[in-house]
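Take a look at the letters that make up each chain.
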Amino acid sequence: MATYYWVGGTGNWDATTTHWSNASGGAGGFGPPTSADDVIFDSLSNATAYTVTLLTAPVCRSVTVAGPASGNVTLAGTAAWSIYGSMTLAATGITRTYTGAVTFAATTTGWTITTNGQTLGSNFTFNGVGGGWTLGSAYSNTNTTLQLTAGSFDTGGYSLTTGTIQTSGSATRSLTLGASTITLSASWNILTTTGLTFSVGTSTINLNGSSGGFTGAGLTYNNVGITYGAGPLISVGGANTFANFSITGRSGLAIGYVSLSSNQIITGTFTVAAPTSLGASRMLIQSATYGTARTITAAAVSLTDADFQDITGAGAATWTGTRLGNAGGNSNITFDTPKTVYWNLSGTQQWVANGWATTSTGTPARTNYPLAQDTAIFTDNLPAAGATININSNYICLPTVDCTARTAGLTFSITATQIYAFGSFTLSSAMTLSGGGALAWMNRSGIATITSAGKAWTQTVSIQPIGATVQLGDAFSSSGPMSVSNGTFDTQSYNVTCSTFSTSNSNTRTLSLGSSTWTITGSGTTAWNASVSTGLTLNPGSSTISMTSATAKTFAGGTKTYWNLNQGGAGALTISGSNTFNNLTNSVQPTTVTFTSSTTQTFANFNLNGIAGNLVTINASTAGTRANLVKTGGNVSCDYLNIKDLAAA
Amino acid sequence: MASWYAGNNSTNSGNNTGWIFTVPPGGGTLSLTLEDIAITSSGSLSHNGSASVQLDDISFDGSGTVGHDGTFALLLDDIDVTASGSVQPVIVAEAIGGANPWHERIQKARQITEERIRKAKDKEVADIIQSLLDEGVLPSEVLEQNPDYTQVRKLYAAQLAQIAQNAAIEYERITQEEEVLLMMLID
């Protein structure tokens, strides 16, 4: 074991011996350091500022860095650095540009990490079986990861700021938090607990990033807080226990969420503190699995401007609060009584703006912001014709929206892709929809009616009202896709136009088509996608589904019974699944209808026909492997077909 | 199982089973095509109110046996009514089909006869009521309170029924006479 001193100013820390001396300020020619050697940068390393660039995976036992006689030493480079002892950085005289990965690999205890306020920029990994490290000062290494793989890491009670703290694997390791305040810009990730000894102490863990996770692995924590102000998006994993869990510091008009993948226990208080912008600055407390409730057991709650979805309140707490929105699937939480509010603000505005009043001509107040259980009405009062309401914040929980009285032009620009709707949505003919956002209907009871008043949709619309119904109040036409993943969608026999339609999942859902004509304008393998039809009740009525794209498209029927299917576009139509139809028709020629090989399609009528010079090709998807076409009795009479690989019976 | 007829103009590209590349027995293409139905007006066309083209009683009359498996569809596509130039509020035309002038004259005669009978019945009823009043049988206040003779009809139902029967006999007689007369005119 030796101690080497850096000498000679600027240079590279590599396999050479030029800059290493066996004495402070001595002659070079020693080293290079091994994992058993300590290295020191001191005031005699150079008279003035200099730069040490770490190259070729340097190693050492302990490292001590102080500045030169004047100026700073700059630690530079990106090479991985293995340290088998302690790290001590002086409070001054150091400039750090180095960003390489640092691994503390000692296999004995008693080592310290003392950074004295130096801001680091490297991922730190503690990976030494039997090793032990304790912070000797506050630690600030933002936007990086502190990984514990093996050995013991103790915060020493100092504050610790980094991006993510993570531990994984099964090696023997311990994580001791003491009384530290730990601030994470990204995540707390306890990925495995095998071999882990966790000592939470009286610590506080704050997540202050815009998004991240708290993967707690079911351990017990003291205080955990979410402190990002502008709509934090936090996922909580593990069935954890907290002394207190809080969401504080909200500002602005952003909407955030805390998504729970397991039940949580809070032995103290669950706090969702009031934001600086009341009403529209909201937090959605939700289950990570839509429709699967999570229980929060709390001794006390303090809740303001929060929405809940699939949450069961439990414990000694009285689950009530101020401006609590019911996004469905909740129990034992007292929500605000439904109210009706009116937009009364001039000009183009955001939905979350201070534009809601209790009467059509009343003065808006932020506290009137409509919650999921409310009704929001637009009249001709304000804004004047030509204005736009921007629905551009994710996780807005739209209430019942009624624009029936609106005769002056008004545009709803929906650009956010996570807009949740909980009631009827009634447009007027004076309105316009724009934007490529997405709306998901999530009402959990009753019937929500979509009335378009002849206005075309441009958004993605998904229907997922578990145990409830979404129905049409008139014809629905969208240039975007549509899906049904839960609940009942009833067209009420109104026509539907959309680019693609999907109901491929295993949830309980009903699709009632009535006498509607569905026009599917999109192409591709998911143009009509019911390929996974488990849980799907399909009431075909006397409907017609027309696939009109001029490019190839697939009708993945999911082995269900339909009424009429029409090949309405020049692009080849592939029919997959073994389905039953009343009739199969075409309204264009020439074109192609391809049946997935080895499937069986059953028809009451079969009316594919070409015309002279424009044959309709019907075939199977794999050349040489037939598909089966079955009609029970009678004749099939076609003409001008080009037939291949089809067994008719 | 059905018989799958691909028609005479279809192509068998191979590896098919169950297809019959002919038309169904006795079959062929059964189609009704109405093309290029146009109403053309040269010069100005005036119309007041909604315009419509009505196609009634389009029927297929097959002599002999007609077999068809499937559905019949009557498709009326792309019917356009286009007016260019000025449109004036004037009724242009009315089409009446199947009118029989003698039938109209008979109807008119019946209307005249029925009016005569009604007047005769009213006169008879008035005469009877007047006679009852003259004899002091019917209080005058009854008439004042029931100018439509409702009360009178209740009190003297038997007499009025006889009057009605007489009127019906008279109606039948006159009708027969009128019809005989009219048939003579037709012949």
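A quick note: this is a predicted structure, and the numbers were derived from the prediction, not measured.

J.: So what exactly am I meant to see when it comes to the environment of L54(A) here?
T.: With respect to the helices and strands, the residue L54(A) is situated in strand β5 (residues 50-54). Ignoring sequence-local partners within four residues, the contact set of L54(A) consists of W13(A), A76(A), G77(A), T78(A), A79(A), W81(A) and Y98(A).

J.: Hey, could you run me through the sheet that holds strand β41 (residues 431-434) of chain A in this one?
T.: Strands belonging to one sheet form pairs held by backbone hydrogen bonds; the direction of such a pair is parallel or antiparallel. Residue and element names in this part refer to chain A. Spatially, 4 strands are ordered β32-β35-β38-β41 in an open sheet, and the strand pairing comes out parallel. Looking along the sheet, the strands with just one partner apiece sit at the ends: β32 (349-350) and β41. Pairing of strand β38 (residues 410-414) with β41, which is carried by 4 bridges, proceeds in the parallel orientation. Within β41, the residue paired with F412 across the bridge is L433.

J.: Explain the nonpolar core here, please?
T.: Side chains that are nonpolar tend, in soluble globular proteins, to be buried together. Residues W351(A), F412(A) and F606(A) are the most contacted members of the largest nonpolar core, which totals 93 residues. Counting residues in each nonpolar core, the second largest holds 76 residues, with L175(A), L184(A), I296(A) and A317(A) among its members.

J.: Sorry, what's going on with the layout of surface pockets here?
T.: Rolled over the atoms, a probe sized like a water molecule indicates the empty space that remains. Residue and element names in this part refer to chain A. In this structure, the second largest pocket spans a volume of roughly 190 Å³. Forming the walls of the second largest pocket are N326, A327, G328, A372, Q373, D374, T400, F422, M442, N443, R444 and S445. Taken together, the residues of the lining of the second largest pocket break down into 4 nonpolar, 6 polar and 2 charged.

J.: Looking at this model, I keep getting lost on the pairing of strand β25 (residues 255-260) of chain A. Mind explaining?
T.: Residue and element names in this part refer to chain A. The buried count for β25 comes to 6 of 6 residues, which makes it a mostly enclosed element. Going residue by residue along β25, you find I255, Y257 and S259 tucked away on one face and G256, V258 and L260 tucked away on the opposite face as well. With 4 bridges connecting them, strand β23 (residues 233-237) and β25 associate as parallel partners. In the sheet register, I234 faces β25, and the bridge partner there is V258. Bridge analysis of β25 against strand β27 (residues 282-287) gives 6 bridges, and the strand direction is parallel. Among the inter-strand pairings, G256 is bridged to a residue of β27, identified as M283.

J.: What is the right way to read the interface of chain A and chain B from this model?
T.: Contact with chain A, which involves 29 residues of that partner, is made by 23 residues of chain B. Of the roughly 2200 Å² buried at the junction of chain A and chain B (both faces included), carbon and sulfur atoms supply 48%. Of all residues in chain A, N635(A), I643(A) and A648(A) give up the largest surface area on contact with chain B, accounting jointly for 26% of the area buried on that side. Across the contact surface, chain A and chain B share 0 salt bridges. Where chain A touches chain B, the interface holds 26 residue pairs in polar contact (both at pLDDT 80 or more). Counting only elements with at least two residues in the side of chain A that touches chain B, the list comes to β61 (600-607), β63 (627-631), β64 (635-637), β65 (641-643) and β66 (646-648) of chain A. Of the residues that constitute the side of chain A that touches chain B, the class distribution is 15 nonpolar, 9 polar and 5 charged. Across 2 bridges, the pairing between β65(A) and strand β2 (residues 11-12) of chain B is parallel.

J.: Help me understand the pairing of strand β35 (residues 387-391) of chain A, please; the structure alone is not making it clear to me.
T.: Here is the key point about a regular strand: its side chains alternate between the two faces of the sheet. All names here are of chain A. Most of β35 is tucked away: 4 of the 5 residues are buried. As paired elements, β32 and β35 share 2 bridges and run parallel to each other. Across the sheet, residue Q350 finds its bridge partner in β35, namely N390.

J.: Explanation requested: empty space enclosed by the protein in the structure shown.
T.: Residues and elements named next belong to chain A. Applying the stated rule across the entire model yields 4 cavities of 30 Å³ or more. Each pocket or cavity is described by its volume, and for the largest cavity that value is around 80 Å³. Contributing to the lining of the largest cavity are L75, W81, M87, L89, R96, Y98, V102, L120, G121, S122 and F124. If you add up the space inside the second largest cavity, you get close to 60 Å³. Contributing to the lining of the second largest cavity are V236, F242, F245, V258, L260, Q264, I266, F270, I285 and I296. Sorting the residues of the lining of the second largest cavity by element identifies β24 (241-247), β25 and β26 (264-272) as the ones contributing at least two each. Per-element accounting of the lining of the second largest cavity gives the leading share, 3 residues, to β26.

Criteria and cut-off values
Residues numbered from 1 in each chain as written. Chains lettered and ligands numbered in written order. Predicted model: local features only at pLDDT ≥ 70, side-chain atom pairs only at ≥ 80, totals over all residues. Heavy atoms only, no water. Helix = DSSP H or I, 4+ residues; strand = E, 2+ residues; numbered from the N terminus. Contact = heavy atoms within 4.5 Å. Pairing = 2+ DSSP bridges. Core = buried A, V, L, I, M, F, W, Y, C linked by side-chain atoms within 4.5 Å. Buried < 20%, exposed > 50% of the residue type's maximum accessible area, 1.4 Å probe, protein only. 1 Å grid on protein atoms, 1.4 Å probe; cavity = no way out; pocket = protein on both sides within 12 Å on 5 of 7 lines; lining within 4 Å. Points joined across faces, edges and corners; volume = space filled by probe spheres on them. Nonpolar A, V, L, I, M, F, W, Y, C, P; charged D, E, K, R; others polar. Buried area = accessible area lost by both parts, 1.4 Å probe. Salt bridge = Lys/Arg side-chain N within 4 Å of Asp/Glu carboxyl O. Polar contact = N/O pair within 3.5 Å; in protein donor to acceptor, adjacent residues only side chain to side chain.

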